[in-house]
Amino acid sequence: MSHAFRLSFTVNGEPAEVLVDSSKTLLEVLREDLNLTGTKHGCELGECGACAILVNGEPVLSCLALAVEATDSHVTTIEGIGQGGQLHPLQDAFADLGGAQCGYCTPGIILTAKALLDRTPDASADQIKEALSGNLCRCTGYLQIIESVQKAAEEMRLRPDLQVRGTET
Amino acid sequence: MGVIGRPRRRTDGRAKVTGQTKFADDIMLPRTVHCRLLRSPHPHAKIISIDTSRAAAHPGVLLVLTGKEFPIPYGVLPVSHDEHALCNDKVRHVGDPVAAVIARTETIAGDAIKLIDVVYEPLKTIATPEESLATAEPRIHEYGDDGNIHKAVAMQFGDVDAAIAGADHVFDDIFFFEGNTHLPLEQHATVALKDPEGKLLVYSSTQTPHYLHRALAKTLSIPAAHIRVIATPNGGGFGGKSDPFNHEIVVAKAALMLDRPVKIALNREEVFYCHRGRHPVQMRFRAGVNNDGTFTGLDLQTLLDGGAYGSYGVASTFYTGALQTVTYEIPTYRFRGCRVFTNKPACGPKRGHGTPQARFGQEVQIDKIAEKLNLDPADMRLKIVAPPNSLTANFMKIGTIGLAECVRKVVERSDWKNKHRKLPYGHGVGIACSSYLSGAGLPINWNDLPHSGVQLKLDRSGGVTAFCGATEIGQGSDDVLVACVAEVLGLETYDIRAVTGDTDLTPVDLGSYSSRVTLMMGNAAIQAAERARELLAEGVSAKLNIPKDRLVFADKRVFDSQDPNNGCTFQEAIVFAEAKFGTLGTTGSYTPPRPPAKYKGGGVGPTPTYSYTAAIVEVEVDPETGWLTVPKVWIGHDIGRALNPTLVRGQVEGSVYMGLGEALMEESAFRRLPARLSNALVHKFPSILEYKSPTSLDMPEIFTDLIEHPDPAGPFGAKEVGQGPLLPIMPAICNAVYDAVSVRVDEIPCTPEKILKALQDKAAGKPARHGPKSFPDIKWPETLHVTPPWEGGDGRASNEPERKKRTAEAGIEVKAGITIARDNA
Amino acid sequence: MMRLPAFTYRAPRTVGDAVLWLAESPTDTMLVAGGTDLLPNMKRRQQTPKTVIGLKGIAELTGIRASGHLSIGAGTTLTALVNSADVRSRCLGLWQSAAQIATPHLRNMGTLGGNLCLDTRCTYYDQTEEWREAIGYCMKKDGTTCWVATSSKRCLAVSSTDTAPMLLALGATVTLVSAKGTREVAVADLYNNDGMQYLTRRADELLTSIDIPDQTGWASTYWKLRRRGSFDFPVGAAAIALKRDAGGRVELARVVLGAVASQPMPSPKAEAILVGQVLSDDVIAAAAEAAYDVAKPMDNTDFELVWRKKMVRTLVTNALRELRGDDMRAVRMSLAKQVL
Ligand SMILES: Cc1cc2nc3c(=O)[nH]c(=O)nc-3n(C[C@H](O)[C@H](O)[C@H](O)COP(=O)(O)OP(=O)(O)OC[C@H]3O[C@@H](n4cnc5c(N)ncnc54)[C@H](O)[C@@H]3O)c2cc1C
Ligand code: SF4
Ligand code: FES
Ligand code: FES
C-alpha cells in the first residue's frame, strides 16, 4: 500500500533528504527522522498548535502536513531561527519576560510570532493575539507571551537586519 | 541583595526557547521499541480471559504483557494501593489498560493490540455519586468504607449546632462544582531502559519522581537503590502527572525483559484516561451569621465523585474541608466529607487540590450573606479575615496573612466601590478570596525524613552545582533553586548549574505538587548554601586574615565589608576552602514544623505558611442569551516575597487563566448511552478541541498586584503562588454574574445556558437561581469531636478511635484488604 | 502519537489527471487539499481511503479571479480568501465566515473546496476508533444505531462548514469535474440533509471552482456561534444576504442557517417575511422567529441544543440589525472575540 519515497527539501536553510513513508506527516519526519525534537505535539489532530512550523515562511501545523507534500519546500523549525550564534529576538524576549513557562507551546508560538513580525513588524497587541489564536498555552494565560512578542518587535525594529534574517521563503 | 526580587530570565529559559529542553518524548535512543496499551472499552467488567497469541505472532511484535505480569498493586497514597499496571481481574472504566504490546514501531504496536482477544463479563456500571451511594453491590473495589463509598469522614470543632442556632441568620446553600482536567499541553511519555550496568533507568514526564521510584520498586520487586528515575521537564503538569502511572510501570517492566529502550507516548485521549483531575463535588454549606457579618459557625458537607481509583482521593476529601477556617474567622466548625467510586477515570489533585470546589461554595455563600445583610461583600470579608499568627478552630496554624491588604488593593484598583451594585444591568463585578498551602505539612508516606533535600558541589573551577529532587514542570523550580543559592553565595544564577529530578543524583524532594517546592526546596537550598558560605568564609578568613563575620559574598567576590578591595574572587574562595577542608560539598534539608492538629484527618491542611489571594472580576452578561464575557480581572496575591517577579506574575496569570477556563467552559463530561441498548459510559469528548480551553482571544485584561510581606517560614520570605490565585476566580465570576443580572449560578462551569435558565426561571417567578436543589443523604460515620483551641482543646479528638497504625496523611485509617506500603526510605 | 493509516499517495499536476485517477476507484480513493479535515479523520480511522490524491500540485485549482462575478479556485486557501480585497469588498459575509474558521494555521492550510466538502460532524463520531468501539460504533461508521436519536433512520451529523451557508446565501455555484464531464451545481443543490450522504457530489467528481454572481446591490453578513474566539467549529450560524432598494426596502433575501442540520438550512419563510419590507424591529423579529423554526439542532455538538436553537434567533436578529446599519461592533466582539 504505502511506499517509501525520497523527500528532499530545505530545513533551516540546509538541504535535507530522507527516505520516508508516504503516510508520514512532517511532524513525524522532523522529530523522528531528522531528530529535530524542538517541534512539539499535543494532539496530532490540529487542535492545539504545538506542532506549528514555518513552511515557506507561513505557519502551518506539521501534524496535518503530509511529508510528501513538503517536497522542495523551505521548512523552518525552532532550531533554525537563531542567527550567527545569537538567539532570535523573539527567543530572547520569551526567555526574559516569562513567555515560556513549561516551554511546550513555545516553539510553535515563537515560529508563529516570527511569521507575523516578518510580515507586520509593528503588529498591535490585537494582531498578535489573533495571530497566536491557534496556539494553545495552558501555563501562561498568554499575557507574558504577548508582551514578549511586543518586546521582540521593538527590538527588531531597532535592528532591521533581523527582520528578514532566518526567514525561509 | 542581588538575585532575589529582581525580574530575571529564568535559568531554563534559553533551553525552552531554543527547543533544546528534552521532554520525555524527545528522548530518542538507539534500539528503542515502542509500547501501546490495549484499553478497556467497558466501563465495568470482569476479565474472563485474554488471548494474546495472535498479537504475539504479529510481525514486529517483541512482547505482549497482561495483568498476570503485574500482580502487585500500587497507588500514590499508602492507604489506596488499588491500581495494577495492567488490570488483573476486572476493568473499572473505559480506558483502563488490560494489555500491552511492545513492537518495533508504534504503528505495529497499535495494530497488534487489536489482535488481542479479551473476553469480558460486563458488570453494572456506576456513573454518578448518587448511584454509587445507592449501589452497595457490585463494589468497584473490595476496600473502602462501605459499598462503593471510598472514604467518609466527619469531624466537629466546638458546638456548631448551638452556635448556628444562636446566630441572627442561618444560611443553607447547596453548590455543585463539575469535574475538569489539567490538560497539560505535553502528553505523558516515558522511556525505560537498562543502563549499562544492567539497572533500570526510567525517564518520565512525572511531577513526582520519588513516588514513581517507590511504585517501581514495589511493583517490580527491585530494590529502589537499583532503579533510577529521571523526571524530564514536564510540558505542564498542574497535578496531572503526580501519580505513578500504569504506563510507566509497564514500560519499565518491558525494558527489563527486553533489555532495550522501551518508549510509550500517550495520545490525547489516553491523557484523559490518566486524568486525576478535579473531583466533581456537591456541597452543602450551613452557616450561622450575625447581623454584622461575623460567623458563629459553619457546617459543611461535601460529596466527591472519585472515579475508579483512590489516587490522592482520601487527601482530596479532607482538603474540601480543610481551608475554610484559615481564610475567615469561623469559631465553630463541622466538616463531613465523602468520596465515592464511580466507573470513570480516577480524579485526583488538580491545581488547588480539593479546595477550589469548597472555596467556590463558601465565597458564593458569603456573597449571598452580604447581600442579605446589606453589607458590601468586600467590607464583610475584611471584617472576618482570619487573624495572623493564630490557631483556627480546626487547629490549622496561620502565620502571616496579607489577605486584607489583597482585598483593599483589588477594591481600590478596580474602583469596586463605584461599580458593585452600581453598574448598568448586564454588567457586574464580583469579589472572592482564597488561601492555599505552601506545601503540605505532612508527607504522604509517614516518616520523620526531610521533605526536601539539596546538595551543593563546589568545584575548584569556581563552578557550583545544586542538586535537588524537585521537578521542573514549568513553574520555575530550577530557577528558584539556583536563585536561592546564588543569593546566599553572591553569585548570578548563570554561575550555578541545577541538576534536578534524578533519583540517582539528587537528594529526595517529594515532588512538584502541593505548592511545596519554593518553600521547602528553597529553605533547603538556603541551608546548603549557608553551610557552603560558612566553609568558604573560613577558608578566606584564614587565608586573607579577615575576621569571618566581616566577610561579604557579593558580585562573585568575597571581601571585607570594611575594605571592599580586600578580598578574592569566588573561585579563589573555593580554592582556599578546598585547600583547608578537602573536597567541598554541603547539604541542606527542610522538614516542616509539626502541626498542632493531632486528630485523625488533621494531617491534611497544615502548612508552614498559607498564601492568600483576593480577586475582583468584571463581567458582561447578555440577558437575552446568557452569553458571558469577562473583560477584566484584578488580582492581589500575598506572596510573602517574590523571588523572581516575572515568574510570580506568570503563575498568577496562569492561575487566572486556568480558573477562567474552569469557571466558563472546562468540564469532564461523560456520556451514558440508553441502558436498553448499551452499557456504554464514556468520556464525552476526550480531545483538546472539545474539552474547551481558553485561547489568546478569550483572555481578559489582568491586573496583578503582589503583596510582599516576607513570611519568616518562607525562603527569603516567599510563599506559594502556583495554585492559590486560581481559587477565587470561579466564585468571583458567579458573584459578578449575580451583580450583573441578579441571578445565581451555584454551579461550575457557569455557562450561558445556565445563566439563561436562571433568568427564565426568574422571569417566571421561580427562584432566580440555577444549581443543585438537594444534597444527597449520606450515612456519616461517628463525628470526631475536637475542642477548639480557645475552649482549651489540645488538638486531639475526645472520641478518637485508637489508631491501628501510623500511616499516611496523619492517621488515615488502614483498611483491610489493601496492601500497605511500608516506608522503606 | 496519532498516526495515519497506510495509503497510496498520488499527486496529479492537472485536473485532467486528477479526475482520471479518481475514476479508477472512486469508492476507496479520496482527495486531499489542505488535509485539515481528512487527515484528522484518517488518524481517527473515520475515513480510511486506500488511495489519497493530493491536490496541492494542481496550479489551476488556486486563485481568485474577479470580473463581474467572483471565481475562486477550490484549492485557494482560506488565508488567501481572507487576504483578498476583492472578497472582502464584494462579499463581506464570505470574508467574515472564512475569517472565523478554525485558527490562523488551519486557514493557512485549509482550502475553500475542502471547506465545502467538509465531513459532517458529531460528538459520537469525531472520536478515535477506540472510543467509537466503546459505544459500539454508530450508523455513520462501522455501526448501525444513531446514538443522537436512536430511532432515527438517518445520520444526524452536523454540517459544520462556515462558508457553505454563506456561499448559499450569496447564490454561488460550484463546478464539479469528472472523467465523464463537467457540471455546474448551485451550492444550494450541493448538499443533502443526511449526515452520511451529505454531498450530492459523486465520488468521482472533483470540485474545481466556486463562482459567486455579481453582488452589486447586495449586502451580506455572517454570524457564527462557537464557544471560543478560535478553533471551534460553528454550532450555529446565520448567513444572510439582502438586496435592497434605495429606500432600504428588501427586494431579495437569502437567509441560511449553518450548523443546525446536516446541511446548510435556508429559511424561505424568513426570506418571504423580509421581502418587500424595510428592516423594522418587528420585521427582524418575525424573520428571526421563522428562522428559529427551521433550526433542528441535536445533542451532538458543543452547547445544549435548546439553547443553541434559541441562539439562532439571536444570530439572525444580530445579522439583520447589522445589515440595517445598527452599530453591532460590541455585540460582534463579545460573540466572535475578533473584529469582523
Ligand atoms: C481544530 C480544527 C478546527 C476547525 N474549525 C473549523 C471551523 O471553525 N469552521 C470550518 O468550516 N471548518 C473548520 N475546520 C475544518 C477545516 O479546517 C476546514 O473546513 C478547511 O477548510 C478544510 O479544507 P481542507 O482543504 O483542509 O480540506 P481537506 O481535509 O483536504 O478535505 C476535506 C474534504 O473535502 C474533500 N475535498 C477537498 N478538496 C476537494 C475538491 N477540490 N473536490 C472535492 N472534494 C474535495 C476531501 O476529500 C475531504 O473529504 C477545523 C479543523 C480543525 C482541525
Ligand atoms: S448523528 Fe448519529 S449516526 Fe450520525 S455520526 Fe452522530 S451518532 Fe453517528
Ligand atoms: S499537534 Fe496539536 S495541532 Fe499539531
Ligand atoms: S508555557 Fe506551558 S503550555 Fe505554554
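Note that the structure is a prediction, hence the values are computed from the model and not measured.

(A) Quick look at the overall build of chain C. Helices and strands together make up the secondary structure of chain C, namely 13 helices and 12 strands. For chain C, whose C-alpha radius of gyration is 20 Å, the value lies close to the compact-globule estimate of 20 Å for 340 residues. Projected onto its principal axes, the C-alpha coordinates of chain C cover approximately 60 × 45 × 35 Å. Sequence separation of 24 or more characterises 63% of the internal contacts of chain C that already satisfy a separation of 6 or more. Charged side chains of chain C number 41 positive and 34 negative; the gap between the two group centres comes to 3 Å.

(B) The arrangement of the site of ligand 2 in detail. Neighbouring ligand 2 are Cys122, Tyr124, Tyr125, Cys138, Met139, Lys140, Cys146, Trp147, Val148, Cys155, Leu156 and Ala157 of chain C. Taken together, the residues of the shell around ligand 2 sort by class into 11 nonpolar, no polar and 1 charged.

(C) Spotlight on empty space enclosed by the protein. Taken as a whole and assessed by the stated rule, the structure comprises 14 cavities of 30 Å³ or more. Size it by volume and the largest cavity reaches roughly 690 Å³. Around the largest cavity sit 46 residues that line it, and Gln475, Ser515, Arg516, Gly722 and Gln723 of chain B are the ones nearest its centre. Broken down by secondary-structure element, the contributors of at least two residues to the lining of the largest cavity are helix 9 (313-322), helix 14 (477-489), helix 15 (517-544) and helix 17 (645-664) of chain B. For the lining of the largest cavity, the class distribution of residues is 20 nonpolar, 18 polar and 8 charged. Two domains each provide a minimum of three residues to the lining of the largest cavity, namely domain 2 (151-181 + 277-442 + 600-770) and domain 3 (449-590) of chain B. Here the second largest cavity defines a volume of roughly 270 Å³. Forming the boundary of the second largest cavity are 17 residues, of which Arg36 and Gly110 of chain B together with Arg3, Arg45 and Glu130 of chain C lie nearest the centre. Those elements that provide at least two residues to the lining of the second largest cavity are helix 3 (106-113) of chain B together with helix 8 (129-134) of chain C. The leading source of residues in the lining of the second largest cavity is helix 3 of chain B, at 5 residues. For the lining of the second largest cavity, a count of residues per class yields 3 nonpolar, 4 polar and 10 charged.

(D) The site of ligand 1, seen in detail. Neighbouring ligand 1 are 36 residues; Leu31, Thr36, Thr111, Asn115 and Asp162 of chain C lie closest to it. Looking at what sits near ligand 1, you find residues from chains A, B and C. Between ligand 1 and the protein, one listed contact pairs an oxygen atom with a backbone N or O atom of Ala33 of chain C at 2.7 Å. Measuring from a nitrogen atom of ligand 1, one finds a backbone N or O atom of Phe231 of chain C at 3.3 Å. Computed on the free molecule, ligand 1 has an accessible area of 970 Å², of which 98% lies beneath the protein chains in the complex. Taken together, the residues that form the shell around ligand 1 break down as 20 nonpolar, 10 polar and 6 charged.

(E) View of the interface of chain C and chain B. Across the contact, 37 residues belong to chain C and 41 residues belong to chain B. Put simply, Lys337 of chain C and Asp698 of chain B hold a salt bridge, and the shortest N to O gap is 3.5 Å. On the surface where chain C and chain B come into contact, there are 17 residue pairs in polar contact (both at pLDDT 80 or more). Looking at the side of chain C that touches chain B, the elements with two or more residues in it are helix 8, helix 12 (305-324) and helix 13 (329-336) of chain C. By residue number, the principal contributor to the side of chain C that touches chain B is helix 8 of chain C, which donates 5 residues.

(F) Main features of the packing of aromatic side chains. Counted under the stated rule, the structure contains 15 aromatic pairs over all chains. Judged by centre distance (4.9 Å) and plane angle (85°), the rings of Tyr104 of chain A and Phe23 of chain B are edge-to-face. With Tyr104 of chain A in the loop between helix 2 (89-96) and helix 3 (106-119) and Phe23 of chain B in the loop between helix 1 (13-17) and strand 1 (33-39), this pair bridges two chains. Taking relative accessible area as the criterion, Tyr104 of chain A reaches 3% and is therefore assigned buried. Note on Phe23 of chain B: relative accessible area 2%, which makes it buried. Plain terms: the ring middles of Phe272 of chain B and Tyr691 of chain B are 5.7 Å apart, the flat faces sit at 65° to each other, and that makes the pair edge-to-face. Here the residue Phe272 of chain B occupies a position in helix 8 (residues 268-274), and Tyr691 of chain B occupies one in the loop between strand 29 (681-683) and strand 30 (701-707), the gap between them amounting to 419 residues. By relative accessible area, which is 0% here, Tyr691 of chain B ends up buried. Here the aromatic residues Phe175, Phe177, Phe285 and Phe360 of chain B are joined through ring pairs into a cluster of three or more.

(G) How the structure looks around the sheet that holds strand 5 (residues 70-73) of chain C. Residue and element names in this part refer to chain C. Pairing is antiparallel across the open sheet formed by 5 strands, whose spatial order is 4-5-8-6-7. The open sheet terminates on both sides in strands that have one partner only, identified here as strand 4 (64-66) and strand 7 (181-186). Adjacent strand axes in the sheet meet at a mean angle of 20° when their direction is disregarded. Pairing of strand 4 with strand 5 involves 3 bridges; the strand directions are antiparallel. Across the sheet, the residue bridging to Ala66 is Leu70, located in strand 5. Along the sheet, helix 1 (residues 15-24) makes contact with strand 6 (173-178) and strand 8 (206-212), crossing strand 8 at roughly 130°.

(H) Broad picture of the pairing of strand 8 of chain C. Residue and element names in this part refer to chain C. Across the 7 residues of strand 8, 7 count as buried, placing the element largely inside the fold. Where strand 5 and strand 8 come together, 4 bridges link them in antiparallel fashion. When the sheet's bridge partners are listed, Ile72 is paired in strand 8 with Ile210. Bridging between strand 6 and strand 8 involves 5 bridges; their strand directions are antiparallel. Bridging across to strand 8, Thr175 finds its partner in Ser209.

Analysis parameters
- Residues numbered from 1 in each chain as written.
- Chains lettered and ligands numbered in written order.
- Predicted model: local features only at pLDDT ≥ 70, side-chain atom pairs only at ≥ 80, totals over all residues.
- Heavy atoms only, no water.
- Helix = DSSP H or I, 4+ residues; strand = E, 2+ residues; numbered from the N terminus.
- Rg over C-alpha atoms; globule rule 2.2 N^0.38 Å.
- Contact = heavy atoms within 4.5 Å.
- Lys, Arg positive; Asp, Glu negative; His and termini not counted.
- Charge placed at Lys NZ, Arg CZ, Asp CG, Glu CD.
- Near = heavy atom within 4 Å.
- Nonpolar A, V, L, I, M, F, W, Y, C, P; charged D, E, K, R; others polar.
- 1 Å grid on protein atoms, 1.4 Å probe; cavity = no way out; pocket = protein on both sides within 12 Å on 5 of 7 lines; lining within 4 Å.
- Points joined across faces, edges and corners; volume = space filled by probe spheres on them.
- Domains from an automatic or database assignment.
- Polar contact = N/O pair within 3.5 Å; in protein donor to acceptor, adjacent residues only side chain to side chain.
- Areas by Shrake-Rupley, 256 points an atom, 1.4 Å probe, with all protein chains shown as cover.
- Salt bridge = Lys/Arg side-chain N within 4 Å of Asp/Glu carboxyl O.
- Phe/Tyr/Trp six-rings, centres within 6.5 Å; stacked < 30°, edge-to-face > 60°.
- Buried < 20%, exposed > 50% of the residue type's maximum accessible area, 1.4 Å probe, protein only.
- Pairing = 2+ DSSP bridges.
- Axes fitted to C-alpha atoms, helices over the stretch in contact; angles between N-to-C directions.

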